[in-house]
Structures are given as C-alpha cells and as structure tokens.
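Here is how the chains run, residue by residue.
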2 protein chains.
Amino acid sequence: MTDWGTLAEQRLRDLSAISEPGPGVTRRPFTAEHRAAIDYLSDWMRQVGLTVTLDDAGTLVGRLDGPDGTGTLYTGSHQDSVREGGAYDGIMGVALPILALEKLREDGVHLPFAVEVLAFADEEGIRFPTALIGPRALAGTFDARVLDLKDNTGVTLRTALERFGLQPDNIPTLARAPETAIGFLETHIEQGPVLEAENEALGVVSTICGIERHQVTVYGRTGHAGTLPMQGRKDALVAAATLVTALNRLASETVDLRATVGELHVEPNVVNAVPREVRLTAEIRSPDDTVRESAGHALHRIVSKVAETLGLPIDVTRTYFQIAEPCDPEMIKTLCDSVREAGGRGPVLPSGATHDASAMAALCPIAMLFVRCREGVSHDPSEHASAADMGQAVEAIADFLARRSARAGP
Amino acid sequence: MTDWGTLAEQRLRDLSAISEPGPGVTRRPFTAEHRAAIDYLSDWMRQVGLTVTLDDAGTLVGRLDGPDGTGTLYTGSHQDSVREGGAYDGIMGVALPILALEKLREDGVHLPFAVEVLAFADEEGIRFPTALIGPRALAGTFDARVLDLKDNTGVTLRTALERFGLQPDNIPTLARAPETAIGFLETHIEQGPVLEAENEALGVVSTICGIERHQVTVYGRTGHAGTLPMQGRKDALVAAATLVTALNRLASETVDLRATVGELHVEPNVVNAVPREVRLTAEIRSPDDTVRESAGHALHRIVSKVAETLGLPIDVTRTYFQIAEPCDPEMIKTLCDSVREAGGRGPVLPSGATHDASAMAALCPIAMLFVRCREGVSHDPSEHASAADMGQAVEAIADFLARRSARAGP
C-alpha cells in the first residue's frame, strides 16, 4: 500500500530546497524561486495527468478534466512563504491535493466533475503591500490599482508580473463563472496549538475569523520621575497598562474572542521620565462578527473609562476590518465525514488567520482542512507537520472528492 | 530700593545667550560656551568684590574673605545645561548668591566667615558619562579613573580638561578640610509642581531622595494573534502591564514614595503577534531609605506573584542605587526662618532629583533652597522662574547668610 505521508514528506523536502539562502524557506512571488517552484510542480502535476497552465496572476493551475458540461471543484493554496519561514505554510496545501488525485487514480476512481489544483503566487504579502492576487482574480474582485504598488526595491507589481512573462492587463479576464464553481477546499497547517492539545491530526474549519484593528494613542504629560509627585501624574504608560489588562480580560472571558495588543511604543522612553505618550495597537478577531463588533464597542468604552478616571485624552481609531468568512455547512459536514473515515474525530475549529479561501469565498462555497503542526509554531524554520498527519490528510482529501462524486451528477 | 528680581532676570538673560545655537540653552562643560560663561561670571564676581579663581576641576570660585582663621560657607550650583534646556536649571543657583552678596554689601553687612560662590562645570552629565567632578573634587571623593571616559567624539575627559587649560592631575589636591567647611547652600529651581500648587515662591529641601533602578525582563511566548487561543497564552505585555499597574498603585498608596516605569520595549512589536518579550525599567525614589528599600522588596514580590500567576519567567535586577542625602537640620531651620522673613511660609519638601549638594554632602552639612518654576517644567526651553520669585530668593539667601553671621564667631 502506498505510504502517502512519506511521499508528502519527500515532495515538501524537495520544495523546501527551492528557497533564497538563509535559515528555513524564503520564497517570494515573481522571483527565480517562484519560477523553480512552478517548474517542479508543473512536472509533478503532468505526471499525475493534469493539464498545466500559468495564468496572468501567476497562479499555477493543474486541471483534471471532468465529463463535458460539469462544474469545477477548486483546491490548493499558496506557493510563497514569509521570509525565513517553514516548509509547510501554503505549499503543503498544494502538494497534498496532488497526492490525493494520485491516490484516486491509483484507486481507479473517476470524478464526475473537473478538479483544479491551484498554486497561488502570493498570500503572505511580504514583497508587495498587497496579497491574494490569484484568488481575487478568479473571484473577479481584483483591483487593478494594486498593480502600481512597489516592492522595497522600487519595482511595481505590474513590472514584476511582466518580467515574469505575464500580462497583467489580462487579469480581469481570469474571473470564473460562479455557476461553474462547485467549491474551494484549502488544506493548511493549523498555525495554532488546538489540534495538538486535542491530540488530533486533522481539523475542519468552521469560519475564517473576522478581524478589526484599532490604533490607540494615550496623551499623558511627562515630567521628571523624581520631582513629579504621584498625585496628579498623567502617566501615559499607566493608562496604557490599564487598557492592555482590561482588553485581555475581556477576551479571556468572552467565548469566540481573541484580542491582542501586539505593538506598543512609549515616548520619551527613558528611565527617569514619566511617559508622555503611548501608541498601541489593539487587534480583535472572532468567527462571529457580532462578537467582534461588540468587543470593538467595549474597547471604546474601556478607553473612555480609563481616560475619564486618569484624566487624560485617549484617541482610538479603527484602522482596518474584515468580516468573518463562514465555511459552507454542507462542505464542512462532508469534510468531517472524510476526516472520520481517515481515522480522526473531525473536530471543528475557527481559523484565526486569513487564507486564500477568504478571497475565494467571493466566488464559491469554501472549506478548509487543518493539519496539526508541532507546538502550534508557524512562520519559522522549525515549523513542522508529521508524515503520518499529512498521510491522514491525503486520505481525507481523496475521500472528500470521492464523496462529492457520489453526490454529483446531472 | 534695589529690585533684585529684575537684576536676576537681566543676569540670567545675559547668561542664557551664552549657548550653542538652537532652541533654549545648550552649554556643555569645557567648551567655548563654558569659557564665555566663566568670563562673564568672573567679571561680575570681581565687581562684587570677590576674588576669582578657576580650579583644576573647572569650578569657578568667587571668594569673599572673612576674618583670619574663620571657616568658609559654600554656595552655588552648576553652569552647564542639558541639550536645549532652560535658562535657570543650575546657573540661577550661581547668580542669586552673587546678588545676595551684592545686597549684603549694599546693606553694609560684614560676614564673620568667608563665602565662596561656586560655579561647577558639569552636573548634567550630557558630555561625558560621569558628572559632579567639581563637588567631588572639593569633597575628596573624585575618582581619577573617570578621566579616561570619552565624549561622543572620542575626546577623553582628561584631554578636554587639558585643552581647557586645566591640570587634571592636580584634582586630588583640591579637597577641602571638613573642619573649615561650614556648610553648602544650593539654590535651584524646583523642577516639579509642588511650590506652584502651594502658591509659594520658595521651599526648603528636607532631603535629596535616594534612588534605585531595576531592569525587568518578562519572557513570554509569541504566536499568531489570530491562531493562539486566549487560554494558555504567555503574553509578555499582559504580564508587564500588570507590573506597571501594581507598582504605580504601590507608590500612590505609600507616603514618601515615587515609582516610575519610564522605559518599555516590546518584542517582536507587531500588530498580529502575541508579545514574546518585554524589557522595562522601574525607578523608585524616596527621601527615606527604608521606604525605598521596602518598595524594592515589594517590587520583587509583585514580580514573583505575576510570574507565578501567568506562568512565565520574569527577571528583575537592581542596576543602580544611591542613598538619600538628608539636609542639615540646623541649616533647614535657619533657611525656613529666612524664607519667612522674605515673605514665604517656608514649606519643606524633598528633592526628587540629584544635585551638586548630593556630592557636597561628603564634605559638609548641606541645605537647598527651591524656587518655584512655571508648571514644574525643567530641561526645556520653556523653563521659567519669575523675577519676583527670584527677588524673594535673593532676600532669603542674604538673610540666611546674615543669620549665620549672628551665630558665627569664635
């Protein structure tokens, strides 16, 4: 019997070697490394019987045709990595579906619909200040203005695409017809500790969390740490500390809420001066938009209360938000059945991070399969998913495709 | 009647013009500006009948001899400023005693002891990583190893002194005999808001506060702000915020205690990552060493409790301490009488900041007269003390010298 986990491990080892020098994997979009990854994946896809094309958004498409007039089920993820990232984030979600199609071929299963395995160019957004060009192009939500954005060497996205042999002006023509799109299944490492804690190899995503970010500025008054009495101080850091604590307590006590103050800057930031100003970010995520929005309102109330109690002004501005993208209930159900068939319990959990599926949701129903990763670590050379877990994922993906077949048809 | 306040204002305006270009006053030790200040002060001192010398530590000494065999009462402060500082910090404490001696001469008072008005070279420590060379030389506590310390252009203190025409090897010979030193009176702006709040021009210092500084490092665990559940997080900033709040509460609830977290750094300090590490400084000041030391112990207990509650290691190290320097009770009493004579109530308050008097305490009894400054602001171009308040200070200093006279004698 074929050991799909070991095959997955070998493929990902080959792909991890396609990297800029340095620790871990660095593979940026529209570079020599991207080209080498395309060449490697193209050869492999052809061996599995797929028809390979590269679209003008840089997405590598491996297509297995179905009977005439049937729709297409999309699967895949992104080929790019963060700088000095790991060997699994993104690329594993391209490799495992190819192996699942190999398995179905080995098992003699013929699908009654077409399948396209997609290797998107850029999900991480580390080269250009934008991301998700590939899935947005397919969903028809690509905004051509991003073509003028530059990387840190001054090269525009348009120029980078052209130098890569692509025609950026064709991107709007890539949009697929929703009525032919059956759905999109993305496989990804969890990037969190939940599956490990539950001793499960695989999990099924319920929803991709919505996000909002707030910029908070506390305006205190500085003074000499020795000469300024405690009474009457307007210490911006004391106020900020109260905010950090209160927001953390709110999130800890609220189901389905995560809140983080990740960034904090103190002025003048010297040992013997009372802090004059603190700028901090507050990020709130939830699979439930109502929970997220009421946490945002709660943050405003916390800020008002601290400002009033300590007698100093605090600005809070929502700088970004993105609604939650629920996965398709029917696809979730099928995927849970497939995970159970592959030997798991089929736990359902939200995705705290954004994925290509977030953008594909504008085209068709989405589903996501999470694979356990060691200690929840991601975006780091030590990122790891085991061969056994990946093998189980290949079984689940193949089973998912076969189950969809059973329900497909005219 | 002579308006001593207006005269003080004129002298300080002249002296504030002796500055490097830029906002406010920048007068670093052993520079052309220092030389110009020495020249200005020397002329003025001679007009008042003082004998002027420059010692090898760069201290300008204006001496009014007393009868043979009598001791010397020292007064003065520092001539240097911080970068882009104000026109009062330091130099006002040189100018007002000269005016007080002018007043005594005008009043026909002959003192039964010698007076030396001292203009120390460097109290702020902005050029070399050391300070208080002048008073330490007089007190016999000068450490010759500091002569090898360099400014940021690579010039050693030794070279700077030599280029200024001084002989650094003579510094150890400058030590005065304690038996001939009656005391040291330093006049300085308060650099805090207490006198303004009490509506008093002048205050008498009880003690120069002791200081201790701690370096605290919180070792958390980072992770993706979206994928890491709240439960089980080791958020270094949440732990640090708890420390900031607890230390602030301790100081606010403890008499004679000031505590400040002035500096705080977050790693990796990005919007969507749980903070991995926070480094912060905790500074504790008190006029009472027992209070300061027990606050230091309390900080250690707070740190242990937070570390245990949140389950992450926290390092805390005391990196610096300096004991409190109490002012002389008899000098305090006399100075309070003189302040009352000049029209004030004579409030007594601690000095949160260190001064030249801190070093002179190793030689003789010390006293300090604080002058109200606008909004407690110092080390800033907007630093201000009013002519009226300075006039009142000249009256008080002259009265103090005259009262000491009444008690002096063989």
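Residues numbered from 1 in each chain as written. Chains lettered and ligands numbered in written order. Predicted model: local features only at pLDDT ≥ 70, side-chain atom pairs only at ≥ 80, totals over all residues. Heavy atoms only, no water.

**Things to note about the overall build of chain A**
Item 1. For chain A, the count of helices and strands is 11 helices and 14 strands.
Item 2. A compact globule built from 410 residues should have a C-alpha radius of gyration of about 22 Å, and chain A, at 24 Å, falls within 12% of that.
Item 3. Dimensions of chain A, computed from the C-alpha atoms along their principal axes, are close to 80 × 45 × 40 Å.
Item 4. The burial tally for chain A puts 59% of its 410 residues in the buried class.
Item 5. A separation of at least 24 residues holds for 78% of the contacts in chain A among residues at least 6 apart in sequence.
Item 6. Counting only carbon and sulfur atoms, one obtains 49% of the accessible surface of chain A, whose full area is about 15900 Å². (Helix = DSSP H or I, 4+ residues; strand = E, 2+ residues; numbered from the N terminus. Rg over C-alpha atoms; globule rule 2.2 N^0.38 Å. Buried < 20%, exposed > 50% of the residue type's maximum accessible area, 1.4 Å probe, protein only. Contact = heavy atoms within 4.5 Å. Areas by Shrake-Rupley, 256 points an atom, 1.4 Å probe, with all protein chains shown as cover.)

**Overview of the pattern of salt bridges**
Item 1. Summed over the entire model, instances satisfying the criterion amount to 51 salt bridges over all chains.
Item 2. Between Asp43(B) and Arg46(B) there is a salt bridge, with the nearest N and O atoms lying 3.8 Å from each other. In this pair, Asp43(B) and Arg46(B) both sit in helix α2 (residues 32-47), 3 residues apart, roughly one turn of the helix.
Item 3. For Asp43(B), a relative accessible area of 45% puts it in the partly exposed group.
Item 4. Salt bridges sharing partners connect three or more residues here, namely Glu212(A), Asp289(A), Arg292(A), Glu293(A) and Arg318(A). (Salt bridge = Lys/Arg side-chain N within 4 Å of Asp/Glu carboxyl O.)

**A word on the domain arrangement of chain A**
All names here are of chain A.
Item 1. Assigned domains within chain A: domain 1 (4-209 + 324-405) and domain 2 (210-322).
Item 2. One C-alpha centre belongs to domain 1, the other to domain 2; they are set 37 Å apart.
Item 3. Between domain 1 and domain 2, the buried area comes to about 660 Å², and carbon and sulfur atoms account for 48% of it.
Item 4. Along the contact surface separating domain 1 from domain 2 lie 0 salt bridges.
Item 5. When grouped by side-chain class, the residues that make up the side of domain 1 that touches domain 2 number 5 nonpolar, 3 polar and no charged. (Domains from an automatic or database assignment. Buried area = accessible area lost by both parts, 1.4 Å probe. Nonpolar A, V, L, I, M, F, W, Y, C, P; charged D, E, K, R; others polar.)

**Section: the layout of surface pockets**
Item 1. Roughly 940 Å³ of internal volume is contained in the second largest pocket.
Item 2. Glu123(A), Glu124(A), Ala131(A), Thr354(A) and Asn272(B) are the residues nearest the centre of the second largest pocket, which is lined by 35 residues in total.
Item 3. Within the residue set of the lining of the second largest pocket, elements represented by two or more residues are β7 (210-219), β11 (314-322) and α10 (356-360) of chain A.
Item 4. Among the residues making up the lining of the second largest pocket, the classes are represented as 14 nonpolar, 12 polar and 9 charged. (1 Å grid on protein atoms, 1.4 Å probe; cavity = no way out; pocket = protein on both sides within 12 Å on 5 of 7 lines; lining within 4 Å. Points joined across faces, edges and corners; volume = space filled by probe spheres on them.)

**A short note on the relation of the copies chain B and chain A**
Item 1. For the pair chain B and chain A, the superposition axis carries a translation of 0.1 Å, the fit reaches an RMSD of 0.1 Å, and the rotation angle comes to 180°. What the superposition gives is, in effect, a two-fold axis relating one chain to the other. The rotation axis passes nearest to the C-alpha of Ala241(B) in chain B, at a distance of 2.2 Å. (Least-squares fit on C-alpha atoms with pLDDT ≥ 70 in both.)

**As for the pairing of strand β6 (residues 202-208) of chain A**
Residue and element names in this part refer to chain A.
Item 1. Most of β6 sits inside the fold, with 6 of its 7 residues counted as buried.
Item 2. Strand direction decides the pairing type here: β6 and strand β14 (residues 366-371), joined by 3 bridges, are antiparallel. Within the sheet, the bridge partner assigned to valine 204 lies in β14 and is leucine 369.
Item 3. One ladder, built from 3 bridges, connects β6 with strand β13 (residues 348-351); its direction is parallel. (Pairing = 2+ DSSP bridges.)

**Some thoughts on the interface of chain B and chain A**
Item 1. Contact with chain B, which involves 46 residues of that partner, is made by 46 residues of chain A.
Item 2. A buried area of about 3800 Å², summed over both sides, lies between chain B and chain A, and 60% of it is on carbon and sulfur atoms.
Item 3. It is Thr227(B), Met230(B) and Val271(B) that lose the most area in chain B upon contact with chain A, and together they represent 17% of the buried surface on that side.
Item 4. The interface formed by chain B and chain A holds 0 salt bridges in total.
Item 5. Inspection of the chain B/chain A interface yields 15 residue pairs in polar contact (both at pLDDT 80 or more). (Polar contact = N/O pair within 3.5 Å; in protein donor to acceptor, adjacent residues only side chain to side chain.)

**With respect to the environment of Val115(B)**
Item 1. One can find Val115(B) in strand β4 (residues 114-120).
Item 2. Between the C-alpha atom of Val115(B) and that of Asn170(B), which follows or precedes it by 55 residues, the distance is 23 Å.

**Notes on the pairing of strand β3 (residues 72-78) of chain B**
All names here are of chain B.
Item 1. Judged by how many residues are buried, β3 sits mostly within the fold: 7 of 7 residues are covered.
Item 2. Alignment of β3 against β4, held across 7 bridges, turns out to be parallel. When the bridges of β4 are listed, serine 77 appears paired with alanine 119.
Item 3. Tracing the backbone out of β3, into helix α3 (residues 92-106) and back to the parallel element β4 gives a crossover that is right-handed.
Item 4. Strand direction decides the pairing type here: β3 and strand β5 (residues 181-189), joined by 4 bridges, are parallel. Bridge pairing in β5 links leucine 73 to glycine 183. (Right-handed = clockwise from strand over helix to strand, strands pointing away.)

**Considering helix α7 (residues 236-253) of chain A**
Item 1. An ideal rise of 1.5 Å per residue puts 26 Å on 18 residues; α7(A) measures up with 26 Å between its terminal C-alpha atoms.
Item 2. When we look at burial in α7(A), the residues that qualify are Ala236(A), Leu237(A), Val238(A), Ala239(A), Ala240(A), Ala241(A), Leu243(A), Val244(A), Ala246(A), Leu247(A), Asn248(A) and Ala251(A). (Expected span 1.5 Å × (residues − 1).)

**Re the packing of aromatic side chains**
Item 1. Counted by the stated rule, this structure contains 5 aromatic pairs over all chains.
Item 2. Arranged with centres 6.5 Å apart and planes meeting at 65°, the rings of Tyr40(B) and Trp44(B) form a pair that is edge-to-face. With Tyr40(B) and Trp44(B) both in helix α2 and 4 residues apart, the pair spans about one turn of that helix.
Item 3. Residues Phe120(B) and Phe184(B) carry aromatic rings whose centres are separated by 6.2 Å and whose planes lie at 55° to one another, so their mutual orientation is tilted. Linking Phe120(B) in strand β4 with Phe184(B) in strand β5, this pair joins segments that are 64 residues apart in sequence.
Item 4. Its guanidinium or amino end placed over the ring of Phe164(A), Arg35(A) lies 4.1 Å from that ring's centre, counting from NZ or CZ.
Item 5. Between the NZ or CZ atom of Arg318(B) and the centre of the ring of Phe321(B), over which it lies, the distance is 4.1 Å. (Phe/Tyr/Trp six-rings, centres within 6.5 Å; stacked < 30°, edge-to-face > 60°. Lys NZ or Arg CZ within 6 Å of the ring centre and 35° of its normal.)

**Some thoughts on unusual backbone geometry**
Item 1. Following Glu267(A), the chain continues to Pro268(A) via a peptide bond in cis, the omega torsion being -5°.
Item 2. Within the fold, Pro268(A) resides in the loop between β9 (264-267) and β10 (277-286).
Item 3. Its identity as a non-glycine residue notwithstanding, Glu375(A) has a phi of 55°, on the positive side.
Item 4. Considering the arrangement of structural elements, one finds Glu375(A) in the loop between β14 and α11 (387-407).
Item 5. At Asn269(B), a position not held by glycine, the phi torsion is positive, near 65°.
Item 6. Summarising the element assignment, Asn269(B) is placed in the loop between β9 (264-267) and β10 (277-286).
Item 7. Residue Asn269(B) is classed as buried on the basis of its relative accessible area of 16%.

**Some remarks on helix α9 (residues 329-341) of chain B**
Item 1. Compared with the 18 Å implied by 1.5 Å per residue over 13 residues, the 18 Å span of α9(B) between its first and last C-alpha is a close match.
Item 2. Directly after α9(B), the chain includes Gly343(B), whose backbone phi takes a positive value near 110°.

**Brief notes about the side chain of Arg127(A)**
All names here are of chain A.
Item 1. Positionally, arginine 127 belongs in the loop between β4 (114-120) and α4 (133-139).
Item 2. At 3.0 Å, the side chain of arginine 127 forms a polar contact with the backbone oxygen of proline 29.
Item 3. A distance of 3.0 Å separates a polar atom in the side chain of arginine 127 from a polar atom in the side chain of aspartate 151.
Item 4. Arginine 127 has contacts with Arg28, Pro29, Phe30, Thr31, Lys150, Asp151, Asn152, Val155 and Ala160, leaving out every residue within four places of it along the chain.

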